[in-house]
Structures are given as structure tokens and as C-alpha cells.
Amino acid sequence: MLGRLLPSKSAKDVAAQFLLLRALFANHGFSFSDLFPVILTDNGGEFSDIFSIENDLHGKKEPHLFFCNLMQSAQKPRVEKKSYLIS
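Below is a summary of the structure that appears in this document. Model, not experiment: these values are computed from the prediction. (Residues numbered from 1 in each chain as written. Predicted model: local features only at pLDDT ≥ 70, side-chain atom pairs only at ≥ 80, totals over all residues. Heavy atoms only, no water.)

### Notes on the packing of aromatic side chains
Describing an aromatic ring pair means giving the distance of the ring centres and the angle of the ring planes. Taken as a whole, this structure holds 4 aromatic pairs when the rule is applied. Judged by centre distance (6.0 Å) and plane angle (25°), the rings of Phe25 and Phe32 are stacked. Summarising the aromatic geometry, the rings of Phe25 and Phe36 are spaced 6.0 Å apart at their centres and angled 25° between planes, so their arrangement reads as stacked. Separated by 11 residues along the polypeptide, Phe25 in helix 1 (residues 11-27) and Phe36 in the loop between helix 2 (32-35) and strand 1 (38-41) bring together distant segments of the chain. What links up through ring pairs into an aromatic cluster is the set Phe18, Phe25, Phe32 and Phe36. Between Arg22 and the ring centre of Phe32, over which it is positioned, the NZ or CZ distance is 4.7 Å. (Phe/Tyr/Trp six-rings, centres within 6.5 Å; stacked < 30°, edge-to-face > 60°. Helix = DSSP H or I, 4+ residues; strand = E, 2+ residues; numbered from the N terminus. Lys NZ or Arg CZ within 6 Å of the ring centre and 35° of its normal.)

And the structure:
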């Protein structure tokens, strides 16, 4: 699990963080998709820029993004409400 504090809960800020993480991992010799082959999230608007989350700067698809169904926290029970532990 990886958490990042964002300036706002917007798709633009989430996409920027994925770009930053890709660059950070690459600078240390790691492939983003090797570390995170799958991304599972809720269907909040902040994850609506699917292309920027799934693709690198060259348009190569790296991880696969999957969304949980509405009101189905049981689909990701080990991460549900974890953000409250770090706030």
C-alpha cells in the first residue's frame, strides 16, 4: 500500500502523482509496473483520468486499473479506511 498527500482530491493531482512516482522509481532502477502491476481503487472522481494512471509518458500501458463496485468495501477489506490511520 502506498499513500501520498495531495493538494486536492482531483483527477489532475492524482495523475500528477502517478507521473511523479513513475519518475521516482525509474530514477532508482525500478519499473512502476513491476512494483504495482494492478491498482485497485474505488470509483471516485479523482481516479477518472484512467489513461494517465495506466500509461507512462510514452503511452505504454503499465499497470492495470480496476474499480470496486459501489458500496462494496468488502472487495478491498484490507485497505478500507486505512487513510484514517495516517491522518
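That covers the picture; the talk isn't over yet.
### Observations regarding the pairing of strand 1
Only one face of strand 1 is covered, namely the one carrying Ile39 and Thr41; the face carrying Val38 and Leu40 has none of its residues buried. Of the strand pairs in this sheet, strand 1 and strand 2 (residues 64-67) are connected by 4 bridges, and their pairing is parallel. Bridge assignment links Ile39 to a residue of strand 2, and that residue is Leu65. (Buried < 20%, exposed > 50% of the residue type's maximum accessible area, 1.4 Å probe, protein only. Pairing = 2+ DSSP bridges.)

### Here we look at the environment of Ile50
With respect to the secondary-structure elements, Ile50 resides in helix 3 (residues 50-54). Accessibility expressed as a relative area gives 36% for Ile50, which makes it partly exposed. Through-space distance from the C-alpha of Ile50 to that of Ala15 is 8.5 Å; in sequence the pair is 35 residues apart. What Ile50 contacts, discounting residues up to four positions off in sequence, is Leu65 and Phe67. (Contact = heavy atoms within 4.5 Å.)

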